[in-house]
Number of protein chains: 2
Amino acid sequence: MAAEPPPRDPHLRRDGAWVGASVPRREDPRLLAGRGRFVDDITLPGMLHAQFVRSTEAHADLLAVDLDEVRATPGVVAAYTAADLDLADITAELDRPPHEFVPTAMPVLARGKVRYVGEPIAVVVAKDPYAAEDGVEAAVVEYAPLEPVVTDLGALAEDAPLVHAEAPRNTLVDVSLFATEGIDDVFASAPVVVEVRSKTGRQNALPLETRGVVADWDDRDEQLRVQTCSQVPHQVRTVLARCVGLDEKQVRVTVPDMGGGFGQKCVVGREEIAAAAAALRLRRPVKWIEDRRDALTAAFLAREQRYTVRAAFSADGEILGLDADVVCDMGAYSCYPFTAGIEPLMASAEMPSVYRVPAYRVRGRAVTTNKAPTAPYRGVSRPQYVMVVERIFEKAARALGMDAVELRRRNVITVFPYTGVNNITYDPGSYLESLDLCEATLREEGWFSRRSDDNKVIGIGFACFSERTGYGSGAFAQRKMQVVPGFDLSEIRMDLNGTVSVTTGTLSHGQSHETTMAQIVADRLGVPYDRVKIVQGDTDRITYGWGSFASRSITIGGSAVAAASVKLGDQLREIAAHLLSGDPEAAVLEDGGVRVGSSWLSYADIADVAYLKAHLLPKGVGPGLSATASFDVGGDGTFSNATHGCVVELDPGTGGVEILRYVCVEDCGVAIHPQVVEGQARGGIAQGIAGALFEEVRYDDAGQPLAPSFMEYKVPTAMEIPDVRIEHLETPCAFTENGAKGAGEGGTIGAPAAVLNAVNDALRHTGVELDDTPIPREAIFRALETS
Amino acid sequence: MAAEPPPRDPHLRRDGAWVGASVPRREDPRLLAGRGRFVDDITLPGMLHAQFVRSTEAHADLLAVDLDEVRATPGVVAAYTAADLDLADITAELDRPPHEFVPTAMPVLARGKVRYVGEPIAVVVAKDPYAAEDGVEAAVVEYAPLEPVVTDLGALAEDAPLVHAEAPRNTLVDVSLFATEGIDDVFASAPVVVEVRSKTGRQNALPLETRGVVADWDDRDEQLRVQTCSQVPHQVRTVLARCVGLDEKQVRVTVPDMGGGFGQKCVVGREEIAAAAAALRLRRPVKWIEDRRDALTAAFLAREQRYTVRAAFSADGEILGLDADVVCDMGAYSCYPFTAGIEPLMASAEMPSVYRVPAYRVRGRAVTTNKAPTAPYRGVSRPQYVMVVERIFEKAARALGMDAVELRRRNVITVFPYTGVNNITYDPGSYLESLDLCEATLREEGWFSRRSDDNKVIGIGFACFSERTGYGSGAFAQRKMQVVPGFDLSEIRMDLNGTVSVTTGTLSHGQSHETTMAQIVADRLGVPYDRVKIVQGDTDRITYGWGSFASRSITIGGSAVAAASVKLGDQLREIAAHLLSGDPEAAVLEDGGVRVGSSWLSYADIADVAYLKAHLLPKGVGPGLSATASFDVGGDGTFSNATHGCVVELDPGTGGVEILRYVCVEDCGVAIHPQVVEGQARGGIAQGIAGALFEEVRYDDAGQPLAPSFMEYKVPTAMEIPDVRIEHLETPCAFTENGAKGAGEGGTIGAPAAVLNAVNDALRHTGVELDDTPIPREAIFRALETS
């Protein structure tokens, strides 16, 4: 039975490892040749098309919704209001007392009241999308307008109208997680106290592919099949089953290729539920594809937060305390599964960032307003608090007359594991090393001399940060969330011909998991990575999956995949050793088979026994070749880190900002596929720069969105985004099965701070300091004009 | 968290068990309302239709296949010969030496030679089935006819032409499994020796739904999706992957509803492979639906066997020995996965049947002929050898001057476990009890007095048999088959709302597994059976499955399902005990939840923790609620048994046979759903009667099939099939997880013997004995005419 292995694969990296090699992406042949399948590519026989009657008012009582004309519109098959569909509401909760959390419900279609412009009121289903749009226009909605709440400060006002009349106040989350004893004394006696007041604009995560769904009822299998672009298919299944009153097993959610998500698709959308409910009612396939106007106004938005943070420093530059107040403008509804708590809790828990902060007080609030609801967007509060903390270090450096980089060096955490004032234990990272390397790189490239020599409007800014990635159950449970998305699962199978397929509960919406997960398996089983098929985005194919968000896919999903691979490898070794009369402990997986001493048996030969001749298996080894595993990150999770350095030049004539250079020194532990990591970093930095300089979803005083198209919502292009130099450090994670830390969000976290610091550095001679984003070009212009 | 359980379900049988209750079938609402989905119900966008150019010769060299006119036929999209598609052959082997087994290959499309009328030569793909038929008619095939081998005796002749020129002989299987030492002396000295020479006609399993397939290549997932009506989807995957050169993971085989299989669909068909290969080549969906003419002539046939069996008896009626020769006419090819060995091996191993036979010799052969190949058909050799053995008991009784029932009583196995001369250990059954009850039933009903009193043409016949069901790996390995289909797998999941879905590697082609498997789970988890969804017939949904044949679904598949349920139940008890601070050992699954002492927790509450709050789980219990299990029958498998009793009246005017009464006393251990068991028995008996009296696939001397339509192939209707009285005995199986033995084939096994014995009994006054089936009506007529 024993044979000789095939020749080694020439693509292998050092010691034959796939992990760490930037191998060709498995996804590319498909995506580059146009063979990808996105939701809008799906056509089912007899498929209908949905569009939504949406509120034109920011806040109003809904007096009447008349759909008679809609239903009479040529091509319209059906039109439903909330009353017609009778769906349960979407609800999300925190396990926190009433003074800390006020639960609210989000109806699938507005009922009784509308709370933002664009809120879905009725779903119109027609033979084609055009007829559906015509139908939408024929709807007659009668409103009794109410005073809208359009800003966070407006929501907090004593006499503010209530966005949710059944709630006692507009502040739905109000938590004070930390308050070090004696902190007031610390501030009172500190030689230097600086304060930053900063507001971040409302932003749109803006995936290239808008939201969408194709739903149909399978009459034979009694199953509602939902093909949708979601980061969290199992959560869509849960919410949909609850809303329409089906068992979970009667709902199958699958996700085809996705053109980005960035968090906007990690909460469950109302429209996909309504479209699926219409398909269930009509027993016909229904497709809904969000158009760009709806995506810009009615999709989940993000970011809008207000920080007031004071910091105390000793005379020699030691940080003594941090006192923070955070208000997050969450919009009209608290979304499933994360609730309105996600942003203030994240900011509150992690604001001390990479620094040894001995005293800490924080209050975090989320207020509801009559604007489109928010979802976690790449970074989730961290771009904002990092920006504030990094501004503090720049301000403090000026106050102390020190170099800001030097001031950071004195305060960053250097001894790990480190347990902070926020009760979080940080695993090892390269906080100091990344700062040093980032500064050295810019210095070597000559930017410091260009800045100081000649040009007053050139500025250099830095941002240090770490990022908890792959939250384990323990970390989420600390937040007292209703749901604790800690673990993930994997099932691995080896087929008769020795090839492997692996199911994961995470899914790629652009992160190349078909490649990177396959690399993880390939190393553990000693097979080429293209012999491994990754199965993702299908609620029927895996018991459960929390999906992909919070940079958890590789850290948690990848670890589950690794663990399952190891289990399968153990089976293979045991069977091979039995067949070759050798010792399982001495059996080695290599070259697509098992070596036991001088003999080698191919996986295909082992599979032949495991499936077709099970009577030859060793005792205690079951038939077939498969294994399942779960993984949950231990401790407080794992922290990626990075330092970003940015060089800008301001244009005194226009107030414009040109980014001359951008350096990112990142450490996500073991990089499974360095090119993919760099792609994640570059894309994130572009989104961070967009938030720092360009993008903002603004509303007028009546709550009407002012940026319903790309004419008004300024998205940077390749012209505005610089080439980014990326340097890697590698501090392997001890908690994960593969040493990897999350790499999906970091770019977005560091960029706003680095850009803002660089702009302020370029304005150093003007005395003007700018702390809000997007940085108003007019403010730069005025500062330079008057200086 | 604890709550009160809902009120008990009123449908429950004694002690609240679902197993044993004839609950409403889960399949019925769908099937009765026309919402079932059979292969021909499937339509895919852009789907093409295949038909086959088939051989008109039984044996010929294939000189040329000209498809030019085919391709020019309006609507024809493509036409392929074997050379065009270049597919690997379908092969199947036995691990036996060359003198016992000759391997042969079956090309997907004929190559170089044709070996039976109807053999596929080319596949024609067109826009609709009509154009495809037109295309088929335009094909020009040039043959050089060879002398055909049309009968088993012809195949065995010294100067017979070779069906497979590369094989040394037409006898592809020739095994002598047993030869008790001194058996010749036994026969030489025996007071009574009887001999039966019997030939069974070629039959068609004749599922209501003919074979068919819809195949399409998924360009995005790089997967060939095959929807087909097969009893063995994983075997179709294996063969297809080999033939077209794909990895197994690149092939997904699913099976929708099926209108019967009866074994004809437990081997892999050439047409489904060719149609799938065409879909792969064309990158378009291709459907092939077998028409009835092809189903009658070119589908897998069955049964044709010739027995020469002598038996020795002592003067007081003790059987002393059995000396048997079996020749099976397997047709033109050996099929995957069972090979030509399945019939002679089955007959050789199990011929001693329910009797204590001390000496046994057997030679079993399979010969190849120029007729459509055969597949295992419900019963697989057992209807034939049981018929022969039961004829022997009738003959011996006459020779001994004894009552034939009494003679059986003296010889049936009564002490279990019993290890026979054939090295098989039989688990407990009710061999004697079923015989007694069957005879007593007919006696009570007055049939014995009707027979003896007045009417010479009334006869009563009996048949006793047992049937190994659910062959384990050990049992199959004894046969030295290349593949050993012993085990099966199951995966069970519980969803967030406490409902259950269970995957099985078996699948229903009419046996109600969605109901019976759900009953098995329901009992083990304490939930109503309609809260359990059975997932079957999908190679992507389970690591492996051997499929449904050999009465293995409930014995092996059902046991795996039971084992997985028990594992899940253990998880539920452990979690509940932890949450309620109780003892897992004292936790009881009931009423859709777990009772621990005086507290009760619903499955939905447990699932909420297992999925959404995994940090609350007890240590060592992984997240999620799922379990996998495998099952393999131990020992030599388990034996169902039955006695059939039949009363016939002959019509002297026509030679016709009317069945006046039919009684079946069956024992398949624990009957999961008695009504389903009775349905299986009734259907099987109808097929057995069909073989005994009506159906035969005949060929002329040139190898041309003489029954290409229902005009010639006589299928009995409800007029010819009597109402059957069924009595149940229950000897629980000790090997399976649920006490059940197989129930799918028994009816077919007993009926030919019972009918043949009854006819001979009715002919007792004529001196004529008939031992072949179908019983020639003309022979009966002549016997009665001359008497």
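Numbers given for residues are sequential positions, taken from 1 along each chain in its written order. The naming scheme follows written order: chains are lettered A onward, ligands numbered 1 onward. This being a predicted model, a pLDDT of at least 70 is required before a residue's local features are given, and a value of 80 or more before pairs of side-chain atoms are given or counted; all residues contribute to the totals for chains, interfaces and linings.

- The name recorded for chain A in an unreviewed UniProt entry is Oxidoreductase large subunit, from Pseudonocardia halophobica.
- UniProt positions are given in the numbering used here, feature names are shortened, and annotations may be inferred rather than shown by experiment. According to the UniProt record, the Cofactor (unreviewed entry) comment for chain A is "Mo-molybdopterin cytosine dinucleotide".

### Remarks on the overall build of chain A
Working step 1: Helical segments are the DSSP runs of H or I of at least four residues, strand segments are the runs of E of at least two, and each set is numbered from the N terminus. Each helix and strand in chain A was counted, giving 21 helices and 30 strands.
Working step 2: For 787 residues, the compact-globule estimate of 2.2 N^0.38 gives 28 Å, and the C-alpha radius of gyration of chain A, at 27 Å, lies within 12% of that figure.
Working step 3: For the C-alpha atoms alone, the extent of chain A along its principal axes is close to 85 × 70 × 50 Å.
Working step 4: Each residue is classed by its C-beta neighbour count within 10 Å, where at least 20 other C-beta atoms makes it buried, 12 or fewer makes it exposed, and intermediate counts make it partly exposed; the C-beta atoms are placed from backbone geometry. Per-residue burial over chain A gives 63% buried out of 787 residues.
Working step 5: Of the contacts formed within chain A by residues at least 6 apart in sequence, a portion of 79% connects residues at least 24 apart. Radius of gyration here is computed from C-alpha atoms only, and the compact-globule reference equals 2.2 Å multiplied by the residue count raised to the power 0.38. Two residues qualify as being in contact provided that their C-beta atoms, derived from the backbone, are within 7 Å of each other.

### Overview of the sheet that holds strand 27 (residues 626-631) of chain B
Residue and element names in this part refer to chain B.
Working step 1: Between any two strands, pairing holds if DSSP finds at least two bridges. Ordered in space as 23-22-21-27, the four strands form an open sheet in which the pairing is mixed. A single partner strand is all that each edge strand has here, and the edge strands are strand 23 (532-535) and strand 27. Taking the axes of each pair of neighbouring strands and ignoring which way they run, one obtains an average angle of 20° across the sheet.
Working step 2: In this analysis, axes come from line fits to C-alpha atoms, helices being fitted only over the stretch in contact, and the angle between any two N-to-C directions falls in the range 0 to 180 degrees. Helix 17 (residues 553-579) contacts strand 21 (488-494), strand 22 (500-504) and strand 27 of the sheet and is inclined by roughly 145° relative to strand 27.

### As for the sheet that holds strand 2 (residues 60-66) of chain A
Residue and element names in this part refer to chain A.
Working step 1: Here three strands make up an open sheet; going across it, the order is 6-2-8 and the pairing antiparallel. Edge strands, defined here as strands with exactly one partner in the open sheet, are strand 6 (113-114) and strand 8 (140-145).
Working step 2: Here six bridges tie strand 2 to strand 8, and the two strands are oriented antiparallel to one another. From the neighbouring strand, Asp 66 faces strand 8, where its bridge partner is Val 140.

### Describing the UniProt feature "domain: Aldehyde oxidase/xanthine dehydrogenase a/b hammerhead" (unreviewed entry) in chain A
Working step 1: Cross-referencing UniProt, the feature "domain: Aldehyde oxidase/xanthine dehydrogenase a/b hammerhead" (unreviewed entry) maps to residues 33-147 of chain A in the present numbering.
Working step 2: Across residues 33-147 of chain A, the secondary structure splits into 16% helix and 34% strand, with the terminal C-alpha atoms separated by 52 Å.

### Concerning the relation of the copies chain B and chain A
Working step 1: If you rotate chain B by 180° and push it 0.1 Å along the axis, it lands on chain A with an RMSD of 0.1 Å. Such a combination of turn and shift is consistent with a two-fold rotation axis. The C-alpha atom lying nearest the rotation axis in chain B is that of B:Arg541; the distance is 3.2 Å.
Working step 2: Most of the interface of chain B is mirrored in chain A: 100% of its interface residues are interface residues there too. Here the copies were fitted onto each other by least squares, based on C-alpha atoms from residues at pLDDT of at least 70 in both.

### Considering unusual backbone geometry
Working step 1: Put simply, A:Thr773 and A:Pro774 share a cis peptide bond, and its omega is -5°.
Working step 2: For A:Pro774, the location among the structural elements is in the loop between helix 20 (746-762) and helix 21 (777-786).
Working step 3: Of the consecutive residues B:Phe416 and B:Pro417, the connecting peptide bond is found in the cis state with omega at -10°.
Working step 4: Its location among the elements puts B:Pro417 in the loop between helix 12 (404-411) and strand 18 (418-419).
Working step 5: At A:Ser551, a position not held by glycine, the phi torsion is positive, near 50°.
Working step 6: Along the polypeptide, A:Ser551 turns up in the loop between strand 23 (532-535) and helix 17 (553-579).

### So, the interface of chain B and chain A
Working step 1: Each partner contributes residues to the interface: chain B has 44 residues there, and chain A has 44 residues.
Working step 2: Mapped onto the side of chain B that touches chain A, the elements with two or more residues apiece are helix 7 (233-244), helix 15 (473-478), strand 21, helix 18 (603-612) and strand 27 of chain B.
Working step 3: Note on residue categories: nonpolar means Ala, Val, Leu, Ile, Met, Phe, Trp, Tyr, Cys or Pro, charged means Asp, Glu, Lys or Arg, and polar means any other residue, Gly included. Classifying every residue of the side of chain B that touches chain A by side-chain character gives 13 nonpolar, 16 polar and 15 charged.

### Points about the environment of B:Ser434
Working step 1: The residue B:Ser434 is located in helix 13 (residues 431-444) in this model.
Working step 2: On a C-alpha basis, the gap between B:Ser434 and B:Asn641 in space is 8.1 Å, while along the polypeptide they are 207 residues apart.

### Describing the domain arrangement of chain A
All names here are of chain A.
Working step 1: Note that domain bounds follow an automatic or database assignment of domains. For chain A, the domain assignment lists domain 1 (14-36 + 487-631), domain 2 (41-146 + 210-258 + 265-297) and domain 3 (379-473 + 635-786).
Working step 2: If you look at the interface, domain 1 gives 13 residues, while domain 2 gives 14 residues.
Working step 3: Classifying every residue of the side of domain 1 that touches domain 2 gives three nonpolar, eight polar and two charged.

### Digging into helix 7 (residues 233-244) of chain A
All names here are of chain A.
Working step 1: One less than the residue count of a helix, multiplied by 1.5 Å, gives the span that helix is expected to have. For helix 7, which comprises 12 residues, the first-to-last C-alpha distance of 16 Å matches the rise-based estimate of 16 Å (1.5 Å per residue) to within 8%.
Working step 2: For helix 7, a buried count of 12 out of 12 residues is recorded, marking the element as mostly surrounded by other parts of the structure.
Working step 3: The elements touched by buried residues of helix 7 are strand 4 (90-91), strand 12 (223-228), strand 13 (251-254) and helix 8 (270-282).
Working step 4: Remark: Gly 245 follows helix 7 within two positions and exhibits a positive phi of approximately 80°.

### What about the packing of helix 17 of chain B against helix 18 of chain B?
Angle between the axes and distance between the axes are the two parameters that describe a pair of packed helices.
Residue and element names in this part refer to chain B.
Working step 1: One way to put it is that helix 17 packs onto helix 18 with a least axis distance of 10 Å and a crossing angle of 85°. In terms of axis orientation, helix 17 runs roughly perpendicular to helix 18. In contact with Leu 572, Ile 575, Ala 576 and Leu 579 of helix 17, helix 18 contributes Tyr 603, Ile 606, Val 609 and Ala 610.
Working step 2: Its residues placed into classes, the contact of helix 17 with helix 18 shows eight nonpolar, no polar and no charged. Under this scheme an angle from 65 to 115 degrees is roughly perpendicular, one under 35 degrees roughly parallel, and one over 145 degrees roughly antiparallel; angles in between are oblique.

### Focus: the environment of B:Asp608
Residue and element names in this part refer to chain B.
Working step 1: Looking at the secondary structure, you find Asp 608 in helix 18.
Working step 2: On the neighbour-count criterion, Asp 608 (18 C-beta atoms within 10 Å) is partly exposed.
Working step 3: Non-local contacts of Asp 608, meaning those with residues more than four positions away in its chain, are made with Leu 496 and Lys 613.

### Structural notes on the packing of helix 19 (residues 674-694) of chain A against helix 20 of chain A
Residues and elements named next belong to chain A.
Working step 1: The geometry of helix 19 relative to helix 20 is characterised by a closest axis approach of 7 Å and an angle of 40° between their N-to-C directions. Classified by the interaxial angle, the pair formed by helix 19 and helix 20 is oblique. The handedness of the crossing between helix 19 and helix 20 comes out as right-handed. Every residue of helix 20 that contacts helix 19 at Gln 680, Ala 681, Arg 682, Gly 683, Gly 684, Ile 685, Gln 687, Gly 688, Ile 689, Gly 691, Ala 692 and Leu 693 is listed here: Gly 746, Gly 747, Thr 748, Gly 750, Ala 751, Pro 752, Val 755 and Leu 756. Crossing handedness is read from the near helix: turned anticlockwise from the far helix by less than a right angle, it gives a left-handed crossing, and turned clockwise, a right-handed one.

### Examining the environment of A:Ala58
Residue and element names in this part refer to chain A.
Working step 1: By the element assignment, Ala 58 lies in the loop between strand 1 (48-54) and strand 2.
Working step 2: Using a count of 30 C-beta atoms within 10 Å as the deciding quantity, one classes Ala 58 as buried.
Working step 3: Non-local contacts of Ala 58, meaning those with residues more than four positions away in its chain, are made with Tyr 116, Val 117, Pro 148, Asn 370, Ala 702, Gly 703 and Gln 704.

### Notes on the nonpolar core
Working step 1: A set of buried Ala, Val, Leu, Ile, Met, Phe, Trp, Tyr and Cys residues, joined through C-beta atoms within 7 Å, is what we mean by a nonpolar core. One finds A:Ala122, A:Val123, A:Val124, B:Ala122, B:Val123 and B:Val124 to be the most contacted residues of the largest nonpolar core, which totals 539 residues.
Working step 2: In contact with B:Val123, other than residues within four places in its own chain, are B:Ala50, B:Phe52, B:Ala79, B:Tyr80, B:Leu109, B:Ala274, B:Ala275 and B:Ala278.

### Concerning helix 7 of chain B
Working step 1: B:Pro233, B:His234, B:Gln235, B:Val236, B:Arg237, B:Thr238, B:Val239, B:Leu240, B:Ala241, B:Arg242, B:Cys243 and B:Val244 are the residues of helix 7 of chain B that are buried.
Working step 2: Packed against the buried residues of helix 7 of chain B are strand 4 (90-91), strand 12 (223-228), strand 13 (251-254) and helix 8 (270-282) of chain B.

### Looking at the pairing of strand 21 of chain B
All names here are of chain B.
Working step 1: Most of strand 21 is tucked away: seven of the seven residues are buried.
Working step 2: Where strand 21 meets strand 27, six bridges bridge the pair, whose relative direction is antiparallel. Note on strand 27: the bridge partner recorded for Leu 489 is Ser 630.
Working step 3: Of the strand pairs in this sheet, strand 21 and strand 22 are connected by five bridges, and their pairing is antiparallel.

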